[in-house]
Amino acid sequence: MPAVAITGLGAVTALGGDVPALAAGLAEGRCGIGPLTLFAHAGRSTLAAQVPEPAAGIARALPRATARRLSRADRFALAAAGEACRSAGLTPELQRAAALYVGATTGGMRESEEVYRRRRAAEERRFRLSRLLGTPLATHAAVVSQALGLFGPRATFSTACSSSALAIGAAAAAVRDGRARIALALGTDQLCRLTYAGFDALQALDVEPCRPFDRERRGLSLGEGAAALVLEDAAHARARGARIRALVLGDATTTDAHHVTAPHPDGAGALRALVAALAAAGVPPEAVDYANAHGSGTRQNDAVEVAVLRAVFGRRLARLPVSSTKSQVGHCLGAAGAVEAVATVIALEQGLLPPTMNLRTPEWPDLDFVSSAGRRAPLAVAVTSSYGFGGHNVTLVLGRAESGR
Amino acid sequence: MDRSAVRAEVKELLATGLRLDRPASEILDDSPIFGEGLGLDSIDALELVVLVEERFRVAIPDEDVGRRAFATVNALVDFIMSERTR
């Protein structure tokens, strides 16, 4: 079975418009959560991790009419996908055969909301139906494959906040079983009224920037953005002289089948995902050097997640660095799994432990949550988990390129 | 409404009605509306027909008339002027 290499990365987050900006923000311990200014919201929360408008980039390869109708989430996706393929050194010929797997949850929802708002506010006399073309979730994959010339297998996953972690798993599977030698995994989502008002109505949003694992944590901070990873048969990557940034050692997905929003109280599904991913990777728990947590900052998630980590890593958990990238880029929903996978690759590559920001009083003082300063440490194996509403659990096991696996 | 006023309104309709990537002032009188000219596609065509019919109270009964009327800005102005004086 081919080993799965990661040869390209792309990211558009509140820390900046590309991977170097994300890496710098992670290393500097910057928090991208600030005032919500994209749209008016009359509720409890006033914060979000907003992303500045990305440069046109590969969107220029699209027909002008198509480019004009792109949603913000499409533009995030194009920027991240373009950066990933560029950094992997993919030629048009290599891209032609590549697979594309996308995770997303709201598509062009924000633009659709604008259509209805304008009509309702009588700013426009009729519904502008062309502005609804970005609504279907599959639009992201359509515009990305058109702009990059990807003609291989293609699918879109929507499993709430684990969508793009699942897309990475699908891309890894396609490379492993030989359906594609190169597969682009992508996550994208934008802030919109629906998700913002929905999470606020659930009282799931912290009124302060989210504080994962803190005793005073009150919920998550919503973010937006996109991230992309080029997965490739490692032998193929070596043969063409590509730089291998990291390896996908294993992945697993399980289901809670328990509740529409709450995680299973025992974390049974999340536990099975972590155990199965390690087994698929052939990695014993004691070989894991870093856990990039789902760490949403809600009362329930963090408690369940710590219990899951404790069940797998036992007493060693005291010496296992754990952090939540959501404390820096917010919860990017459909993009979260991919953003955090990219952050984990950066951690492996640079020997960097990204911090958990805003954490003042850990609820579990025996754990090593990596303080706001971040830290340097050589890492060989890391796990990153994503848990979606409705009980969609995904864990990925990633390894440093030269970890010898 | 005279010809130059109709032409200005047509350009404004194109630029803001379709939210083109350029201002009305940059739309040329004789550049093709579809294809390479303004980069409009078939979805824009549908919206433009409705916008023109609503704004100028004219009817575009079929594709042949549409194809002729929407060739260029000048052609569209000609069509609107002739329909309105009818």
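Look above for the structure.
First, a word on what this report is: a plain description of the structure on this page. None of these values were measured; they are calculated from a predicted model.

1. Observations concerning the overall build of chain B
Then, number 1: What chain B contains, in helices and strands, is four helices and zero strands.
Then, number 2: When its helices and strands are written in sequence order, chain B yields α-α-α-α.
Then, number 3: Expected size for 86 residues packed as a compact globule is a radius of gyration near 12 Å; at 12 Å, chain B falls within 12% of this value.
Then, number 4: C-alpha extents for chain B along the principal axes are approximately 35 × 25 × 20 Å.
Then, number 5: Split into buried and exposed, the 86 residues of chain B put 42% on the buried side.
Then, number 6: Sequence separation of at least 24 residues holds for 55% of the intrachain contacts in chain B that already meet a minimum separation of 6.
Then, number 7: Roughly 4,600 Å² of accessible area belongs to chain B as shown, and the carbon and sulfur atoms make up 54% of that amount.
Then, number 8: Across chain B, the centroid of the 11 positively charged side chains sits 5 Å from that of the 18 negatively charged ones.

2. Examining the pairing of strand β1 (residues 4-12) of chain A
Residue and element names in this part refer to chain A.
Then, number 1: Most of β1 sits out of view: nine of its nine residues are buried.
Then, number 2: Taken together, the three bridges between β1 and strand β8 (residues 246-255) define a ladder with antiparallel strand orientation. Of the residues in β8, the one forming a bridge with V4 is V248.
Then, number 3: The pairing of β1 with strand β7 (residues 225-233) spans eight bridges and is classified as antiparallel. Among the inter-strand pairings, V4 is bridged to a residue of β7, identified as D233.

Conventions adopted
Going along each chain's sequence as written, the residues are numbered from 1 onward. Following the order in which they are written, the chains are lettered starting with A and the ligands numbered starting with 1. The predicted nature of this model means local features are confined to residues of pLDDT at least 70 and side-chain atom pairs, given and counted, to a pLDDT of 80 or more, with totals for whole chains, interfaces and linings taken over all residues. For side-chain calculations, the full set of non-hydrogen atoms in the structure is used, while hydrogens and water are omitted. Working definition: helices are DSSP H or I runs of at least four residues, strands are E runs of at least two. Numbering for both runs from the N terminus. With the radius of gyration taken over C-alpha atoms, the globule rule is written as 2.2 Å times the number of residues to the power 0.38. Exposure categories follow from relative accessible area, calculated using a 1.4 Å probe and restricted to protein chains: below 20% of the type maximum is buried, above 50% is exposed, and the middle band is partly exposed. Any two residues having at least one pair of non-hydrogen atoms within 4.5 Å are treated as being in contact. For the area figures, the Shrake-Rupley method with a 1.4 Å probe applies, and any residue is considered shielded solely by the protein chains shown. Charge assignment: positive for Lys and Arg, negative for Asp and Glu; neither His nor the chain ends contribute. Charged side chains are reduced to one point each, which is NZ for Lys, CZ for Arg, CG for Asp and CD for Glu. Strand pairing is defined by DSSP finding a minimum of two bridges between the two strands.

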